[in-house]
Each structure stands twice: as structure tokens, then as C-alpha cells.
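# Results of the structural survey
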Amino acid sequence: MSEALKDKVAVIGVGCTKFGDNFDQGYEDLVVEAAHAAFADARIEPDRVDAAWLGAFSPHAGHGKASVSLADALRLYGKPITRVENFCATGTDAFRNAAMAVAAGAYEVALVVGAEKLKDRPVRGLATDGRHPYQADGLTAPGIFAMAANRYFHRFGGGRETLAKVAVKNHHNGSLNGRAHFQMEVSEEQVLKAPIVAWPFGLYDCCPTTDGAAAAVICRADLAKQFHDDYILVKGLGLAVTSGRPWNDADFEYVGFPATRAASQQAYKMAGVADPVKEIDLAEVHDCFTWTELTNYEDLGLCPKGHGAGFIGEGRSALSGDLPVNPSGGLKSFGHPIGASGVRMIYEVVTQLRGQAGARQVPKHDLGLVHNLGGPGAVACVIVLGAP
Amino acid sequence: MIGITSYNCYIPRYRLSQAVIAQAWAGRPMPGCKAVYNFDEDSLTMGQAAAWRLLASAPPPEVLYFASTTAPYWQRSAASLMAASCDLPASVATADFGGSLRCGASALRAALDAVAAGRASRACVVAADAREGAPESAEELIFGDAAAALAVGSDGVIAELVGSASRSDDFLDEWRRDVDPHIHSFASKFSLTRGYQANVVEAARAVLEKAGLEARRIARAAFASPDGRAHAAAAKALSIPADRLEDSRLGDIGVTGAAMPLLLLAQALDRAAAGDFVLAVAYGEGADAFLFRVTDAIASLPRPVTQPGPPPIEYPSYTVYRKLREFLKTRAGGMEVSNVLWEREEPQNVRLHGTFCPRCGRLQFPMTRVCSGCRSAEGLVEKPLPRAGRVFTFTKDFLYDAPVQPTIMAVVDLEGGARFLCQLTDAAENEVTIDMEVELVLRRMRESASMHHYYWKARPRSTP
């Protein structure tokens, strides 16, 4: 892994819809709202885009799974568009592919859109298509992470009280965010009393099923000033894929995600980050469940394995802490439209690094981290963004 | 010498108490309870469990007969699926018996004949039933669910066949048409005397006569019983002392249909001593009687063979029982499989084979082309997985669509090193722990695309 991409790509525009139960918006409405917001932010017309990447797990009904759902929504025809899907790390991987193409000089300006319209589907929860007919029957998204949480607590101690602290923090941050799915505070007692979804996760330990879209416009870094001065640079990128069936891997310890460790090492190396907890000012991490945020602290190298409880307990990841994590409210409170989440994290970090995050603005904002996790912790994408 | 070489049984873990049934119908309770299948069980899975206990550590039989009046398919051999899930070779001769309460005994007779004729040296007979009595009927009170399996052969005989007798009698007693969900019957004193008792006594007399044996020399008598009482009258008519008659288990298992004669025979063999004569009689449109003499080889079996397993769990209410009984009959969807995938993956999904890497010694599941341990792609071999292991981690999931919540999902470390993911069934919610010992059992998963779908689940280990 080299530093090849460091400072080669700039984010010049971001956009994001309100996340939530967007019953009055269809898939195309979400895509258009996010993309047009990003175009306006970049101060470009849609035609200025040379290529586009779509991150969507279950694209618009009637369009199959191909990239046409982005072309038709934006009427963006005759240009290269690629759909990317990598479980819940779809959005960041779409961004990563766009960034590599721009850094390679293939395109000057590229659009990345992450979008998901989950509430149009007739079934609850996340999509399960592509599964083996028998081998994982009974396994749900919370179940996958709950099995890891139980093993983690078996090994390191701790329990629901620790998890509740993550929910309380992220709901607090979400309460300051007008685009978040949930904009309400919750108390530790409320979290602990909630009905169990998959032990040890109660309702407030789980991210919701959410509609939403987010978009980013990127360009070659040396061209960024042609658009405006308020751009953000891509410092590092990492993607790592491990087994999609860790439950069959006798080496998998079930106390964290090697994919996150590998992806963050790649991104840190590219960005020249030697001590992440000291150098990074804020992080948007994949808190699909409260326990996932705990293990993320550890797997991202912010604290040693087994010490996540201390990291949240001491308030270090709070908005007022030395490394605020999920100032947006996270998946927990902002919501988790699968393909949109990764791009939404980029939207949040760019907004924070520009100092435009309002009530949830973190005080120091030079270097930000995005961490997106997919499947049973099998796909991790880490992006380091920095102010120029 | 031909006869029984081994035996085992499977009793579901759940019980429905007579008090709970009586409460549902505002009736007067009888004492005791009956064994009832879990929502993911049927006669095939219960039979498979009994068969596997018998076959796990034995050379494969050349014949596998399955008998049931409640086989899950009218057309699709339960015996063949059972043979595959017990990992028997394709050369095994399978057959399905049904149509009469006596079909378990008919299968036993056919297996003994096959061995006697020299067509097979090892045969396995499995009988299981999961019969439905109509709500608030007498049958609902007494029908229990269970399976039994007998190994028959000419080597290592623990109970030598002395003789057998058969009677056919188209007596109108109990029936179920192809369109009926429940049993119909003329339940009456006439049914018991002219139907049950006359046939059992005649068949028993015939076999004793052929053997030249007086009834008083019978050490254990295993008579299937329609009501838990009539068998005593039959034994009395034969002058067999009451203390030699096997308890019908009406008070804790119930009347288990085609499985009952084999189950009671297994129970008799658990108690018999070398040299004992054991008489087993099955009833249904006639009767089959078998006379066995227990051999010295019985000492080689660790008895009782029919271990009770983990302590039974009582259903809290009749409503819960009814919901679970109906779940797979009424809830469809969620699973589909092509015959192409079914066929190609049969070794792993049905036979529970994994892949062994001779280079690093790792056994793994699902079957793989490249070793998950050393990444070697050379020399990997297909190998059966051990079906016992320990829970590595688990969760109790309230989100999954199941009739009982929570669904327990478990990652199981199987003996030999393979790691397996599955649901954990037959367990009380608070019983499950990391490191708990479990065994893999075949269970009915879903009704979907007009098929019953079977796959593996873990269950608390029943034998130490």
C-alpha cells in the first residue's frame, strides 16, 4: 500500500436528504434531492460530471440492480455509471472507486450517490436476497452482531449497561441534527428497559430501517480551486474483505472485525496517520448496533482490544470528548439506508471539517475518519479526509 | 441366528400434561402427560433421530425401512431422505411402510425376512408417528409422538428371533382417509374385544404354539396398546403375569401409533436378561407377533439404551401446544431450492459432509475448494462431520419469524474442528450457555414452494 492517492482527490460538494420514514419520497426523489444538493454545493451543473458511481444495495424497483436507476433519476445519459454493492459498506466503496478513477486521471469530476428506499419494500428489516436457502436460516442482522457481542462480553466482561452508553451518546448527537431519523434524547434507563431484539441488543441498541440518500461530487485535487475554496481532500482510503461466513471460520474470535483493522491500517498508512487517537479529530463509524461502535474503537486502533467500554465510559467519544465519534448521531440515530450510509458519513465529515455542523460542530476539525462496515463484519471501508 | 442386533428410540423433549388439556376444554383431568413433537419436528425427523442413534457408530445397513401413518409426503420417500441424512450409501435398499397402525411391525417382519432370506446381513427398521387427534377428542388425550429404531441382522444378535405370526383382519376399528386431518374410530368395547384383544391373543397364541412355548415362560411382553389398558386384558387372557407386561407409557409418552410396538420392544430389551423370552405384538387390521430369545450378547450393550435425554419441558398451555402443532401446516414461504442445488449440495446439506485438509488437519464446513486454514487447494478430501459439539457463541433473537420466541442462533464448534451455524432447538431459553454441549439434528424448517424443507439444528446433548 502506497501513499499514491493522498491529496490527489478533492470533495467539492456534498448533499444529503433528511433520513427517516420518507413515505412521501420514492427512490428517484431521494436520489435527485441528494445529487442536486451536491451539485449546488459544488457549484456545478449536472452535465459537468464525467462519470458517476451508484451505491445501492436494493436499487429502485423496476430497474433491476443495474446503474440505470441513477441514470433515469438524474436523466444523466451517455456517461459511464457503475453500480457498486458491498453489503452495508456499499456507499464508501462507491466513493472509493470514484476516487481511484479520478486519481488515475480518467475523469476530472465524478458523482457518487448512495441511496436506499427501504420502506417501499413489502417486508420489514433488511434485504436477505442472495442467501443460501438453508445454511444461515434464522440469522438476522441484529443476530449476527449479537452473537459477536455475547462472545465479546464472555471474554472481556461488560454487558447491556455499556451498550446503553453508546445509545445515549448517539441519540444525544442525533437530537442536534435536523436531518437525523431520530432527533430525541434517550436515557440509560429507557435503553435498558426497551424490549429485546436479539440478546444483548434491545430496541435502542439497533439502528432503524431508514429511507435516505446522500451524494458527493469529487474532482482532481489540482482542479478543486476552479470550483471554490471550501473543498476537502481525500487523505487515505482502505478496503478489506474477510469471510462472509465467519460463523464457519474456526479462527474467527468473534470479539471484533479483522476487516476493520486491515482497512484502517491501509487508510492510515496512505494518510500518514501514525497515532490515530491523537491525530484524528472526529470519526463517523459504523454503529449498526451499539456493540459495533465499541469494537470499532478497538479495531480502528483508538484503544486496545477489550477497552472499548472505557473509551465510551470516560466520555472520550462524546461530542465534548477528545475524539468525538458519530457527531451526526450515527447509524443509531441518523438512520441506516444501506447504500446511503457510507456517503452520508462522508457528508457529515466534510461538513464538520468545513466547520459547518452547527450545534453538533466539533471544536477541532482538521482530520476526520469515515468507517463503514458490511455484512457480518466482512467488508470494511475506511476513509481519512482532511482540510487542505 | 437372526434377530435384533441393536435398538434405540427418540422421544421428543416436550410434554403436554393432561391437566393442561383438561383446562382447555373445562374437562376433568386424567393424571400424567404425553410426549409431543416440537414445532420443527415430524415423523421423519423423529425417525431420523432414532435411526442416527442406532447407526452413528455402526456399519451401514443394507436395508432401511421406515414405517409411519404420518409420513410427511404421500409421494417422496421418507426412508430415502432418512438414509441420506444418516449418510448411508446409495446401495441401501429403502422402503416406506404405512397405511396401518401395524406398519412398524410389518417393516420389522420384512426386515427379518430379508435377513432370513440372505438378502441382507444388516437391516434397520425405523417407526415413527405424529398422529393428530381432533381437538377435544379422546384421541387428543392419548396420542403421543415418538420414534423407535431396531437393527436386525445375523451378526451380534442380542435377541434371536424364535418365531413370528401374522394375522390379517379387516376389522373396522380406527381409520383416516387420505383427505382427513384426524383419526376416526368406532371406539367401543366391541372394538377392544373383537378388534384388539382377539387379534393380539390369536397372533400371540400362534407364535407360542409354533415355538412350543408356554405363555408363562415369557419374561417380557411388549404389547402395543390402543388405550393403555386393553393390553393388560390381552396378557391376562394369555395367562402372562401382569409384572411381565411392559408399561404402555400412557402416563408419560402416550399411544405412539406405528412406533409403539417397536418402542415397547426396545423398553423390554432394556430390562431383559440373557435367556429371557420376549414377546412383542402389534395391532392394526390384524396383528403381528414376534417371539425373541435374548442372547448373552446383550451384555455388550450399555443399557438402558433408551436414554431419556435432557429433562422434559412441559408446554405452559394448550394454546401454545396448538399454535406449535399448526405452525408448519399453516405458515408457508421463506424458503426455495432448485433440485439442481439440492442435488449438488446434498453431500453437505443432507449428509453433513465437510472438507478435510490433510496438509493442516483442518475439518471445515461448508465444503470448500481452498482450505480456510492453510489456503491449500491441493489434496482436500470430503469427510463426514461429527454431529456433536459445543456452543461457541449464540444469541436469542426475537426478530426472526418463528412460532416460539426467541429463536436461538448458535455458532457450534463441532468435534474435529469444523464450525457450524444453526438454530438451537428443544432448549429452554435460560438453559443455553457458551460451551453448552449440543448435537446436530435434522429438523423441518419451513413449508415453502409446496415442499417441506429440512435442515440441521443443534439440540442439547442427550447422552453424556
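Residues numbered from 1 in each chain as written. Chains lettered and ligands numbered in written order. Predicted model: local features only at pLDDT ≥ 70, side-chain atom pairs only at ≥ 80, totals over all residues. Heavy atoms only, no water.

### Observations concerning the packing of helix 6 (residues 189-211) of chain B against helix 7 (residues 230-237) of chain B
Residue and element names in this part refer to chain B. Worth spelling out the cut-off: Where helices are involved, their axes are fitted lines through C-alpha atoms of the stretch in contact, as for all axes, and angles between N-to-C directions lie from 0 to 180°. Each helix corresponds to a stretch of at least 4 residues labelled H or I by DSSP, and each strand to a stretch of at least 2 residues labelled E; elements are numbered beginning at the N terminus. Note on terminology: angles under 35 degrees are roughly parallel, angles over 145 are roughly antiparallel, angles of 65 to 115 are roughly perpendicular, and the others are oblique. Crossing handedness: left-handed means the near helix sits turned counterclockwise from the far one by under a right angle, and right-handed means the same turn made clockwise. What makes two residues a contact is simply this: any of their non-hydrogen atoms within 4.5 Å.
One way to put it is that helix 6 packs onto helix 7 with a least axis distance of 9 Å and a crossing angle of 45 degrees. Between helix 6 and helix 7, the interaxial angle falls into the category oblique. As for how helix 6 packs across helix 7, the hand of that crossing is right-handed. Between helix 6 and helix 7, the contacting residues are Leu192, Tyr196, Gln197, Val200, Val201 and Arg205 on the first element and Ala230, His231, Ala233, Ala234 and Ala237 on the second.

### Brief notes about the sheet that holds strand 14 (residues 313-314) of chain B
Two pairing modes exist for strands in a sheet, parallel and antiparallel, and in both the strands are linked by backbone hydrogen bonds. Residue and element names in this part refer to chain B. Basically, it comes down to this: By the convention used here, strands pair only if DSSP detects at least 2 bridges between them.
Spatially, the 3 strands line up as an open sheet ordered 3-2-14, and their pairing is mixed. Because the sheet does not close on itself, it has two edges, and the strands there are strand 3 (33-36) and strand 14. As paired elements, strand 2 (residues 14-17) and strand 14 share 2 bridges and run parallel to each other. The partner of arginine 15 across the bridge, within strand 14, is glutamate 314.

### Topic: the sheet that holds strand 15 (residues 353-357) of chain B
Residue and element names in this part refer to chain B. Across the sheet, 3 strands lie side by side as 16-15-17; this open sheet has antiparallel pairing. In this open sheet, the two edge strands, each paired with only one partner strand, are strand 16 (362-364) and strand 17 (381-384). Sheet twist, expressed as the mean angle between neighbouring strand axes with direction ignored, is 40 degrees. In this structure, strand 15 lies alongside strand 17, joined through 4 bridges in antiparallel fashion.

### Describing helix 9 (residues 318-330) of chain B
Residue and element names in this part refer to chain B. Worth spelling out the cut-off: Given the number of residues in a helix, its expected span is that number minus one, multiplied by 1.5 Å. Think of it in three bands: with a 1.4 Å probe and only protein chains considered, a residue is buried below 20% of the maximum accessible area for its type, exposed above 50%, and partly exposed in between.
The end-to-end C-alpha distance of helix 9, which contains 13 residues, comes to 18 Å, matching closely the 18 Å that a straight helix rising 1.5 Å per residue would cover. Of the positions making up helix 9, those classed as buried are Tyr318, Tyr321, Arg322, Leu324, Arg325, Phe327 and Leu328. Buried residues along helix 9 sit against strand 2, helix 1 (18-24), strand 3, helix 5 (138-142) and strand 21 (437-448).

### Some remarks on the layout of surface pockets
All names here are of chain B. Here is the rule we go by: The distinction between a cavity and a pocket rests on a 1 Å grid over the protein atoms alone: a 1.4 Å probe fits inside a cavity but cannot get out, while a pocket stays open yet meets protein on both sides within 12 Å along at least five of seven lines, and a residue with an atom within 4 Å of a point counts as lining. Grid points are joined across faces, edges and corners, and a volume is the space filled by probe spheres set on the points. Just so you know the grouping, Ala, Val, Leu, Ile, Met, Phe, Trp, Tyr, Cys and Pro go in nonpolar, Asp, Glu, Lys and Arg go in charged, and all remaining residues, Gly too, go in polar.
When its volume is computed, the second largest pocket comes out at roughly 1,200 Å³. Along the walls of the second largest pocket sit 49 residues, with Thr69, Thr70, Ala71, Trp74 and Arg176 positioned nearest its centre. Ranked by the residues each element gives to the lining of the second largest pocket, the list is headed by helix 9, at 7 residues. Among the residues forming the lining of the second largest pocket, the class breakdown is 19 nonpolar, 12 polar and 18 charged.

### Some details on unusual backbone geometry
Along the chain, A:Trp199 connects to A:Pro200 via a cis peptide bond; the corresponding omega equals 10 degrees. Looking at where A:Pro200 falls in the secondary structure, it is placed in the loop between strand 5 (196-198) and strand 6 (201-202). Backbone torsion omega between B:Phe365 and B:Pro366 reads -5 degrees, so that peptide bond is classified as cis. The phi torsion at A:Arg43 lies on the positive side, around 60 degrees, for a residue other than glycine. Within the element layout of this structure, A:Arg43 appears in the loop between helix 1 (27-42) and strand 2 (51-55). Among the residues examined, A:Arg43 registers a relative accessible area of 54% and is labelled exposed. Here the phi dihedral of B:Glu285 falls at roughly 50 degrees; this positive angle occurs in a residue that is not glycine. Accessibility expressed as a relative area gives 27% for B:Glu285, which makes it partly exposed.

### Side note on the pattern of salt bridges
Residue and element names in this part refer to chain B. Operational definition: Any carboxyl oxygen of Asp or Glu within 4 Å of a side-chain nitrogen of Lys or Arg constitutes a salt bridge here.
Scanning the model with the defined rule gives 54 salt bridges over all chains in all. In this structure, the salt-bridge partner of arginine 443 is aspartate 40, at a minimum N-O distance of 2.9 Å. Placement of arginine 443 in strand 21 and of aspartate 40 in the loop between strand 3 and helix 2 (43-55) is noted, with a sequence separation of 403 residues between them. Between aspartate 288 and arginine 109 there is a salt bridge, with the nearest N and O atoms lying 2.8 Å from each other. You can see aspartate 288 sitting in strand 13 (residues 286-294) and its partner arginine 109 sitting in helix 4 (residues 103-116), a full 179 residues away along the chain. By relative accessible area, aspartate 288 is classed as buried at 0%. Bridged by salt links that share partners, the residues Asp40, Glu41, Asp426, Glu439, Arg443, Lys457 and Arg459 form one connected network.

### Section: empty space enclosed by the protein
Under the defined criterion, the tally for this structure stands at 6 cavities of 30 Å³ or more. For the largest cavity, the calculated volume is near 80 Å³. Here the lining of the largest cavity is built from residues that sort into 4 nonpolar, 3 polar and 4 charged. In this structure, the second largest cavity encloses a volume near 60 Å³. What lines the second largest cavity is simply A:Asp137, B:Phe39, B:Phe327, B:Tyr400, B:Asp401, B:Ala402, B:Pro403, B:Gln423, B:Met445, B:Arg446 and B:Lys457. Looking at the lining of the second largest cavity residue by residue, the class counts come to 6 nonpolar, 1 polar and 4 charged.

### Observations regarding the packing of aromatic side chains
As a reminder of what qualifies: Aromatic rings from Phe, Tyr and Trp, with only the six-membered ring used for Trp, were paired whenever their centres fell within 6.5 Å, and each pair was classed as stacked if the ring planes differed by under 30 degrees, edge-to-face if by over 60, and tilted otherwise.
This model, assessed by the stated rule, comprises 27 aromatic pairs over all chains. For the ring pair A:Phe145 and A:Phe289, a centre distance of 5.3 Å and an interplane angle of 35 degrees mean the geometry is tilted. Here A:Phe145, found in helix 4 (residues 141-156), pairs with A:Phe289, found in the loop between strand 9 (282-284) and helix 9 (290-299); they are 144 residues apart in sequence, far enough to count as distant. Both residues of the pair, A:Phe145 and A:Phe289, count as buried. Consider the rings of B:Phe365 and B:Phe420, whose centres lie 4.9 Å apart with planes at 55 degrees: the pair is tilted. In this pair, B:Phe365 sits in the loop between strand 16 and strand 17 while B:Phe420 sits in strand 20 (residues 419-424), placing the two residues 55 residues apart along the sequence. Across the pair, exposure class does not vary: B:Phe365 and B:Phe420 are buried alike. Grouped by ring-pair contacts, the aromatic residues A:Phe145, A:Tyr152, A:Phe153, A:Phe156, A:Phe201, A:Phe252, A:Tyr254, A:Phe257, A:Phe289, A:Trp291 and B:Phe392 constitute a single cluster.

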